[in-house]
Each structure stands twice: as structure tokens, then as C-alpha cells.
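Structural overview for review
The primary structure of each chain is shown beneath.
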Amino acid sequence: MSAACSGTSEHHFLCSICLEVFTDPVTTPCGHNFCESCISTHWDTNVGHTCPMCNQRFSIKPQLKVNTLMRDVVSQFRREAAAPGEVPCDVCTGTKVKALKSCLDCVLSYCETHLDLHLTASGLRRHQLVEPVENLETRMCPKHSKPLEMFCKCDQTCVCLICSVMEHKSHQLVPLREECEEKKVELEKIEADLQQMIQKRREKLEKIRESARIRKIVADREKAEGVEVLTVLKKMMETMEEQQEAEEREAEDLIKELEKEISELMKRSSEVEQLSCSEDHLHLLQHFCSLKAPPATKDWTKVIVHPSSYEGTVLRALGQLEYTLNQKMMKIKMMDMKKKKKKKKKKMKLEMMKQFAVDVTLDPLTAHPDLAVSDDGKQVYDASVLKNLPDNPERFSVYMFVLAKQSFSSGRFYFEVQVKGKTDWDFGVASETIDRKGPTVLSPQNGYWSLFLTNGNVYGTSNSHEQLDLKSVPEKVGVFVDYEEGVVSFYDVDAAALIYSFTNCCFTNELFPFFCPCFYGGGKNAPPLIICQSK
């Protein structure tokens, strides 16, 4: 078996569908091998049953069984290959031995045996050898096939020496080492910020734990005293236990959330520290951007854990018990009344906004070629097919946006958008002066006032893309704009609750409602954005 493996090239063990080493290999009637799951999926998602290699068509779907001989050969091949995490020698034809060095000129990795020529042959001794690295092609210029040795500050990318005297001739270029030193300084600041965030959350964690401990002590004391009180206190005790359980659940939820954030921040801190210590300049620059942005975390300064508010009525005289209970019941009724009044007030406010409802329809002339707009102009979704449309000035070329036909330069207006079932979306209002042809950051400074949903979280497109602390993702969102007052507000229509507001805006141009249904996402984000009739 070993001899068979040693004399066989690795490509014989690769599935032509997933391009990985076979998993449970099966053989088609025409003699080609595939992973069992790969060929099954291929036949389930395509019309007809044909071989992906030779296109031979089978009248009925073949019943395939795992090729045990091939499976054993593949297993032996896996055992003889370099261990996971190790860079294998690219020259070894049998067992892939661990590489000792990688050559940036040959774009190959060599074991100790095959490295010998690079150490003895005069022509090869000039080649640049580095510690073994995977994916050597990523370290080479895709255009000139030369090592990436310089960093272009203008384009923020790594380039080769040929690029530096051609395409980037007039740009500011520095060696990778010099740029790495600058990035390390930034990484130190990121690390300091992360440590500060971790410390603040640890302090908050301790406060919550201490508060939970005190709550438990107080609750246990009150319960111990309550055992000696008459049966009339039983209802009060039950109420206290419910309150205690709710408070403990609240503390446990906050503790878990903080512990999770601390764990994520510590993980990011470790990655930043590891990257800061890296002497691999290209690796540092390629991974810097992903670690530069701070992780999405909750603003814990707004989280306040109040001390327990148990009523100290347990040992009061029996004559006061009935009075206390009556007072408590009255307080509960008043709180319920206030909640209902507050909810009614919110609903009335939203109803007032709806008085300014306008009929909004989508303008197909502005829609990105990937988007499909319904005939009535009320729905839009990612069609996942780039249509051949004229690149008129009004059309978006980079982002999957579409504007409404209607624009507004004064007064107030309101419209509603159904987002039920979607995993990603973005919409709001945009200035007529926005750039429709190039990439841009969605912010008020660039003419966008909107909300967007991604990874289950809703954000406001302010300068920092503020994550909003919502109980649940809304299914229908109302958008209200007061042009003169400079206000853009978003409401959860079903909950009649304000989600987010842009205030003190200075509008000087016409505003257009804009919509982005985001990518199809393999069907997960298939539902369209729907402009609804305000009720």
C-alpha cells in the first residue's frame, strides 16, 4: 500500500468537484472517482445525471457504493502526508516530508533533502529562502510573479519591485519592514484599547456578581424571617421569590454576556499580540485590517444593576400587613397603568407619524443590475443574475441599491418597509448628491441616513456604525423624516417603538428613499424588501 502511494501523485487522490482528498470515494459506471457526498449533491442540484468529468449521461441515477480499495489507498496517503499544521515539501512524490525552507523565487517549499541544491548550486544560492510558509503564491505578485517586497501607502497594498517602478511609480512606497513597524505601533494601541475594554468589563462583572451576592443574602434573610409570619404572608413570600428569581436570571444573563465578551476580547487580544510579535511582514499586513476594527461589543456603561428593593415588611405587626399588601397591589396596578399609558402614548405618536405617509415606488432606472424590481415598484430582491443594462448616470454600479422615484426637499414624510424573514438589509434616505458609481462609506457625511441588519444585529449608519440594543429584530420598519427639523427616525411598527433617530441633520438637497435587499446568501436572504401600505 505504501509503495502504491509513494509512486502516485497527489492529484490522483483529489475529488474533481471539491478539489480535496477523497472522503468516502465512490466510482461511477464510467470509471471516475468522486467523494460520495460531492457526486450526490451534484446530481441532486443539477438536471439529469451526468459525470462531471466526461459528461457521460446515465438514464437513471446510478446506485453508488464506497470504493473500499480507493478508500484504503487514500487513508494510507493521508497517514504518509505531512502532519496538520506543517508545510509539506512540494518536490516529494511519495510521502510528503516536512519542509525545511520555502523559496520565494521558485515558489516552492523544500525538505532537507531537496533543499540541498539551493545550498550548493551557485545559481540557486541567490534565491530568497524563508521559513516554511503555506500558500506561497499569496506572497508573489499575481501580475509579475515576483516576491512582494514593498508596501504602497497610496493603495494600501503590498507590491513587488517591478510594480514599484511601473504601476506604482508615482506612489509613496516603503519596505515591508518599515510599514510593519508602523502597523505594530497601531497594533499596540489596539491592544491597549482591548485591554481597557476587558478591564472595564471585568469591573462591571465584579459589580454584578457582588450585587447578585447581596441580593441573595437579602432575599435569604427575608425568607428566613418570613417563615415565622402568619399565613397571610405566604402570597408576599411567593412574590419575593419570583422577584428574586427574576433578578438572579438577570444577573446570570449579564454575567454570561460579559464573560462571553471578555472571552472574545481576550481572543482578539491574543491574536493582536501574536500578530504584533510576528516577523512575517506580509502576514502581518494581510491580517492587520481584520484586527484593526474593534470587535462589536455592548456599551456596558448604560447597564445599571440596582440593589434589591425588597420590602421590609416581614416582621411588621399584623395590623400593618393588610395595609402593606393593599399598598403593594395598588402600586402594581399603578405601574401597569403607567406601562399601558406609555405604550398608548408611543402608539399615538406613531399614528401621528402615519399621517404623513407617502406613496413610495421604486425606480428601476437606478437599480443595480443584480436587483429585480417588481412591476408595481413595491418589492426588490437580489436576483443573483447580473443583467445587461445600460450604465446610465442614475444607476448604481457597485452597491446593490435602488432609489425611489419620489424625492422630497421640504416638509415631513413617512413610509413603511417589511423586512420579515430577511437576514440582511439596509434602507433609509439618501441625498441626491450620493456617488452611485464608486465605493463609499454609508454615513450622514456621505449622504446616507439608514439602518442595516447583519449577523442578527441592527446598526445605525453613524460614523461609528452604532450597534443598537434591541429586544428583537423588527419585522416591519417605519421611516419618518422631518426635513426642516433635520430628523430621520426609524420605528418598529408592530411594537410601536422608536428604534433609532438621526437628529440635527442639515438637509440642503433632495432626499430619496433608498433600499438595499443585500445578497441572496444561498437562499437564506431570499425574501424581498417590501414597501407597505401604512395602516
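Rules behind the numbers
- Residues numbered from 1 in each chain as written.
- Predicted model: local features only at pLDDT ≥ 70, side-chain atom pairs only at ≥ 80, totals over all residues.
- Heavy atoms only, no water.
- Helix = DSSP H or I, 4+ residues; strand = E, 2+ residues; numbered from the N terminus.
- Buried < 20%, exposed > 50% of the residue type's maximum accessible area, 1.4 Å probe, protein only.
- Contact = heavy atoms within 4.5 Å.
- Areas by Shrake-Rupley, 256 points an atom, 1.4 Å probe, with all protein chains shown as cover.
- pLDDT = per-residue confidence, 0-100.
- Pairing = 2+ DSSP bridges.
- Axes fitted to C-alpha atoms, helices over the stretch in contact; angles between N-to-C directions.
- Salt bridge = Lys/Arg side-chain N within 4 Å of Asp/Glu carboxyl O.
- Phe/Tyr/Trp six-rings, centres within 6.5 Å; stacked < 30°, edge-to-face > 60°.
- Lys NZ or Arg CZ within 6 Å of the ring centre and 35° of its normal.
- Arc of directions from axis to C-beta.
- Core = buried A, V, L, I, M, F, W, Y, C linked by side-chain atoms within 4.5 Å.
- Patch = residues over 30% accessible without salt bridge, like charges linked within 9 Å, V, L, I, M, F, W, Y side chains within 5 Å.
- Lys, Arg positive; Asp, Glu negative; His and termini not counted.
- Charge placed at Lys NZ, Arg CZ, Asp CG, Glu CD.

Counting its secondary structure elements, the protein chain contains nine helices and 23 strands. The proportion of buried residues among the 535 residues of the protein chain is 38%. Sequence-distant contacts, at least 24 apart, represent 60% of the contacts inside the protein chain between residues at least 6 apart. Surface exposure of the protein chain reaches about 31,400 Å², of which carbon and sulfur atoms provide 53%.

Right, let's talk about the confidence of the model for the protein chain for a bit. Averaged over the protein chain, the pLDDT score is 84; the fraction of residues at 70 or greater is 86%. A low-confidence stretch, residues 1-7 stays under pLDDT 50, and its non-local contacts, those more than four residues away or across chains, total 15 contacts.

In this section: the side chain of Asn-525. Residue placement: Asn-525 occurs in the loop between strand E22 (511-516) and strand E23 (529-532). For Asn-525, the contacting residues outside a window of four places in its chain are Lys-422, Thr-423, Asp-424, Pro-517, Cys-518, Phe-519 and Tyr-520.

Moving on, we come to the sheet that holds strand E7 (residues 129-130). As summarised here, the arrangement of the three strands in space is E6-E5-E7, forming an open sheet in which the pairing is antiparallel. Only two strands of the sheet have a single neighbouring strand rather than two, namely strand E6 (108-110) and E7.

As a further point, take the sheet that holds strand E11 (residues 371-373). Spatially, seven strands are ordered E11-E12-E23-E14-E19-E20-E21 in an open sheet, and the strand pairing comes out antiparallel. Each edge of the open sheet carries a strand with a single partner, namely E11 and strand E21 (497-502). Neighbour to neighbour, the strand axes of the sheet diverge by 20° on average, direction disregarded. Direction of pairing for strand E20 (residues 487-492) relative to E21: antiparallel, over a ladder of five bridges. Each bridged residue has a counterpart across the sheet, and for Val-488 the counterpart in E21 is Phe-502.

So, about the pattern of salt bridges. In this structure the tally under the stated criterion is 20 salt bridges. Taking the shortest distance from any N to any O, the salt bridge between Glu-416 and Lys-354 comes out at 3.7 Å. Linking Glu-416 in strand E14 (residues 412-418) with Lys-354 in helix H9 (residues 318-354), this pair joins segments that are 62 residues apart in sequence. Lys-354 carries the same exposure label as Glu-416, and that label is buried. Salt bridges sharing common partners tie together Lys-153, Glu-179, Glu-182 and Lys-183.

With that out of the way, let us pick up the environment of Gly-521. Looking at the element boundaries, Gly-521 is found in the loop between E22 and E23. Taking relative accessible area as the criterion, Gly-521 reaches 45% and is therefore assigned partly exposed.

Buried residues dominate E22, accounting for six of its six residues. Pairing between strand E13 (residues 402-403) and E22: two bridges, direction antiparallel. The residue of E22 that forms the bridge with Leu-403 is Phe-514. The sheet contact formed by strand E15 (residues 425-431) and E22 spans six bridges and is antiparallel. Paired with Gly-428 across the strands is Phe-514, a residue of E22.

A word on the packing of aromatic side chains. Throughout the structure, instances matching the rule amount to 15 aromatic pairs. A centroid spacing of 5.0 Å and a plane angle of 80° characterise the contact between Tyr-500 and Phe-502, whose relative ring orientation is edge-to-face. For the pair shown, Tyr-500 and Phe-502 are each scored as buried. Taken together through their ring pairs, the aromatic side chains of Phe-396, Tyr-399, Phe-401, Tyr-448 and Phe-514 make up a single cluster. Over the aromatic face of Phe-288 sits the side chain of Lys-183, whose NZ or CZ is 5.3 Å from the ring centroid.

As a further point, take helix H2 (residues 36-45). Within an α-helix, residues lying three or four positions from one another point in the same direction, as the helix has 3.6 residues per turn. Within the span of H2, buried status applies to Cys-38, Ile-39 and Trp-43. Projected onto a plane normal to the axis of H2, the buried residues spread over an arc of 125° and lie on a single side. Across from the buried face of H2, at angles greater than 90 degrees, the exposed residues are Asp-44 and Thr-45. Here the buried face of H2 lies against strand E1 (25-27), strand E2 (33-35), strand E3 (49-50) and strand E4 (57-58).

Quick look at the nonpolar core now. In this structure, Phe-427 and Phe-515 are the most contacted members of the largest nonpolar core, which totals 47 residues. Here this core gets five residues from one element, more than from any other, and that element is E22. Membership of the second largest hydrophobic core comes to 34 residues, among which are Val-159, Cys-160, Ile-198 and Val-303.

Before going further, it helps to examine a negative patch on the surface. Side chains of Glu-238, Glu-241, Glu-242 and Glu-245 sit close together on the surface and give a patch of like negative charge. As for its position among the elements, Glu-241 is in helix H7 (residues 234-276). The partly exposed category is assigned to Glu-241, whose relative accessible area is 35%.

Quick look at unusual backbone geometry now. Positioned with a positive phi, Asn-135 is a non-glycine residue whose angle comes to about 50°. Among the secondary structure elements, Asn-135 is positioned in the loop between E7 and strand E8 (150-152). For Ala-496, which is not glycine, the phi torsion reads 50° and is therefore positive. Turning to its location among the elements, Ala-496 is positioned in the loop between E20 and E21. For Ala-496, a relative accessible area of 11% gives the class buried.

Before going further, it helps to spend a moment on the pairing of strand E17 (residues 457-460). Pairing geometry for strand E16 (residues 448-454) and E17, over four bridges, is antiparallel. By the bridge assignment, Leu-451 is partnered in E17 with Gly-460. Between E16 and E17, which pair antiparallel one after the other, the connecting turn spans two residues, and Asn-455 there sits at a positive phi close to 55°. With two bridges connecting them, E17 and strand E18 (residues 466-467) associate as antiparallel partners. Within the sheet, the bridge partner assigned to Tyr-459 lies in E18 and is Gln-467.

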